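Close look at the chain arrangement
Below are the chains, spelled out letter by letter.
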Amino acid sequence: KSYDSSIIVDDRGGIHISYVSNSHSLKYSYYDGVAWTTSVVDNSERVGGYSSLAVGDDGSIHISYHDQKNNDLKYAIHDGSGWITQTIDDAIGGVGTYTSLAIDSLGNVHISYRASGIHCLKHAMYDQSTESWSVSIVTMDNSGEYSSLAIDSNDKIHISYQDNALFDLKYATDKSGSWGTTTIDSSGYGGFQSARAVD
C-alpha cells in the first residue's frame, strides 16, 4: 500500500512520484518512458507523509515531507548521485504537515506547511546564493491546513490554504513585499484539499 503521493512530469516526459510506502518510509519512483525505477528516499521511522515533489531545471529532484515520529518538516534532494535528507523545521509543538513545494527561477526552493503547535501557516525557503534555509510565519490566523503553493513569473509566492477555525478558503501572497492574506470563500464548511496554479 502507498499514500500521500505527489506527481510531476518533467520537460522530457519523465514521470516522478513521491509517496509513503507500507513500511512507513518515503519512496520515489521514476518512469523514463520505458521502465519504472524505485528508490528509498528516507527509511527513518514513520516519515514521508504530506510529500510534495518538484524537479529543478538542472534535473535535481526535491521533496518536502513530514517526519511523523518527531513531528518535524523534512526535505530531500537527489543531486544525481544519491538522496540527501535534512530537517528544516523542528519547532516545539510540531510542524511539517500539509507541505507544498515549488522552485523559483533562481533555483530557490519554497515550501509552505502547517505548524500545528502554534496553529499557523509557515514558509521555508532555501536561498541558493547563501546556501541556507530561512523560515517565516505567513499568518497566525489558526490556519495552514491543505496548503498549496505556486510561484509566478516574477518569483512571487501564492498559497491557498484553509482557515482551521472558520473553515474558510484563504489565499496568501508576498507580491507586495510582505505577506498579505485574503478570504476567498466563507460560504460554509470549505477550504479542504485546495490546489493552485499561476498562468
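1. Points about the overall build of the protein chain
Looking only at helices and strands, the protein chain has 0 helices and 16 strands in total. In summary, the protein chain has a C-alpha radius of gyration of 16 Å against a globular reference of 16 Å for 199 residues, a match within 12%. In the protein chain, which comprises 199 residues, the proportion classed as buried is 46%. The long-range share in the protein chain, meaning contacts at least 24 apart out of those at least 6 apart in sequence, stands at 32%. Taking the average place of the 12 positive charges on the side chains of the protein chain and the average place of its 25 negative ones, the gap between the two points comes to 6 Å.

2. Notes on a nonpolar patch on the surface
Taken together, the side chains of Ile118, Ile137 and Met140 define a hydrophobic patch exposed on the protein surface, amounting to about 270 Å² of accessible area. Structurally, the position occupied by Met140 is in the loop between strand 12 (132–139) and strand 13 (143–151).

3. Things to note about the nonpolar core
Residues Leu73, Tyr75, Leu101, Val109, Ile111, Tyr113 and Ala124 are the most contacted members of the largest nonpolar core, which totals 13 residues. Mapped by element, the contributors of at least two residues to this core are strand 7 (72–78), strand 10 (109–115) and strand 11 (120–127). Per-element tally for this core: the top contributor is strand 10, with 4 residues. Excluding its chain neighbours within four sequence positions, the residues that come into contact with Ala124 are Leu73, Ile88, Val109, His110, Ile111, Tyr113, Trp133, Ser134 and Val135. With 10 residues, the next largest nonpolar core counts Leu26, Tyr28, Val47 and Leu53 among its residues.

4. Here's the deal with the side chain of His110
If you trace the backbone, His110 turns up in strand 10. Within the structure, His110 has its side chain in polar contact with the side chain of Asp104 (distance 2.9 Å). When near neighbours in sequence (up to four residues on either side) are disregarded, His110 contacts Ser100, Leu101, Ala102, Asp104, His123, Ala124, Met125, Leu149, Ile151 and Ile157.

5. Digging into the sheet that holds strand 8 (residues 83–89)
Backbone hydrogen bonds are what pair the strands of a sheet, in a parallel or an antiparallel way. Spatially, 5-6-7-8 is the arrangement adopted by the 4 strands of the open sheet, whose pairing is antiparallel. One side of each edge strand has no neighbouring strand; the edge strands of this open sheet are strand 5 (47–55) and strand 8. Neighbour-to-neighbour, the strand axes of the sheet open up by a mean angle of 25 degrees, direction not taken into account. Both strand 7 and strand 8 contribute to a ladder of 6 bridges, which runs antiparallel. Its bridge partner lying in strand 8, Lys74 is registered against Thr87.

6. A look at the environment of Gly96
Mapped onto the secondary structure, Gly96 falls in the loop between strand 8 and strand 9 (97–103). For Gly96 and Ser51, which are 45 residues apart along the polypeptide, the C-alpha to C-alpha distance reads 9.8 Å. With residues near it in sequence (within four places) discarded, Gly96 still touches Tyr65, His66, Asp72, Leu73, Tyr113 and Arg114.

7. Some details on the packing of aromatic side chains
Aromatic ring pairs are defined here through the distance separating the ring centres and the angle between the ring planes. Taken as a whole and judged by the stated rule, the model has 6 aromatic pairs. Members of the aromatic cluster, connected to one another through ring pairs, are Tyr50, Tyr98 and Tyr146.

8. A look at the sheet that holds strand 4 (residues 36–42)
An order of 1-2-3-4 is seen for the 4 strands of this open sheet, with the pairing classed as antiparallel. The outermost strands of the open sheet, each flanked by one partner alone, are strand 1 (3–9) and strand 4. Sheet twist, expressed as the average angle between the axes of neighbouring strands with direction ignored, equals 20 degrees. The pairing of strand 1 with strand 2 (residues 15–20) spans 5 bridges and is classified as antiparallel.

9. A short note on the pairing of strand 13
Counting buried positions over the 9 residues of strand 13 gives 9, a clear majority of the element. Looking at chain direction, strand 13 and strand 14 (residues 157–163) are connected through 6 bridges and run antiparallel. Within strand 14, the residue paired with Leu149 across the bridge is Ile159. As consecutive antiparallel partners, strand 13 and strand 14 are separated by 5 residues, and within that stretch Asp155 has a phi angle of approximately 65 degrees, a positive value.

Rules used in this analysis
- As a convention, each chain's residues are numbered from 1 in the sequence order in which they are written.
- pLDDT decides what is reported in this predicted model: residues at 70 or higher carry local features, side-chain atom pairs at 80 or more are listed and counted, and totals for whole chains, interfaces and linings draw on all residues regardless.
- Side-chain figures throughout are based on the complete set of non-hydrogen atoms in the structure, without hydrogens or water.
- Secondary structure elements follow DSSP: runs of H or I of four or more residues count as helices, runs of E of two or more count as strands, with numbering from the N terminus.
- The globule rule used here is 2.2 Å times the number of residues to the 0.38 power, and the radius of gyration it is set against is calculated over C-alpha atoms.
- Think of it in three bands: residues with accessible area under 20% of the maximum for their type are buried, residues over 50% are exposed, and the middle band is partly exposed, with areas taken using a 1.4 Å probe on protein chains only.
- Contacts are residue-level and defined by heavy atoms, with any inter-residue pair within 4.5 Å sufficient.
- For the purpose of counting charges, residues Lys and Arg are taken to be positive, whereas Asp and Glu are taken to be negative. His and the chain ends are not included.
- Where a charge lies is defined by one atom per residue type, namely NZ (Lys), CZ (Arg), CG (Asp) and CD (Glu).
- Patches here are clusters of residues that have more than 30% relative accessible area and form no salt bridge, with a 9 Å joining cutoff for like charges and a 5 Å cutoff for nonpolar side chains (Val, Leu, Ile, Met, Phe, Trp, Tyr).
- Reported accessibility uses the Shrake-Rupley method at a 1.4 Å probe radius. Residues are deemed covered only where the shown protein chains occlude them.
- Any carboxyl oxygen of Asp or Glu that lies within 4 Å of a side-chain nitrogen of Lys or Arg is treated as forming a salt bridge with it.
- To qualify as a nonpolar core, a set must consist of buried Ala, Val, Leu, Ile, Met, Phe, Trp, Tyr and Cys residues joined through side-chain atoms within 4.5 Å.
- Definition of a polar contact: a pair of N or O atoms within 3.5 Å, with one able to donate and the other able to accept a hydrogen when the atoms are protein atoms, and with sequence-neighbouring residues admitted only if both atoms are side-chain atoms.
- The pairing criterion for strands is at least two bridges between them, as found by DSSP.
- Note on definitions: angles span 0 to 180 degrees between N-to-C directions of axes, and those axes are lines fitted to C-alpha atoms, for helices only across the stretch in contact.
- Between rings of Phe, Tyr and Trp, where Trp is taken as its six-membered ring, a pair exists when centres lie within 6.5 Å; planes separated by under 30 degrees are stacked, by over 60 edge-to-face, and by other angles tilted.

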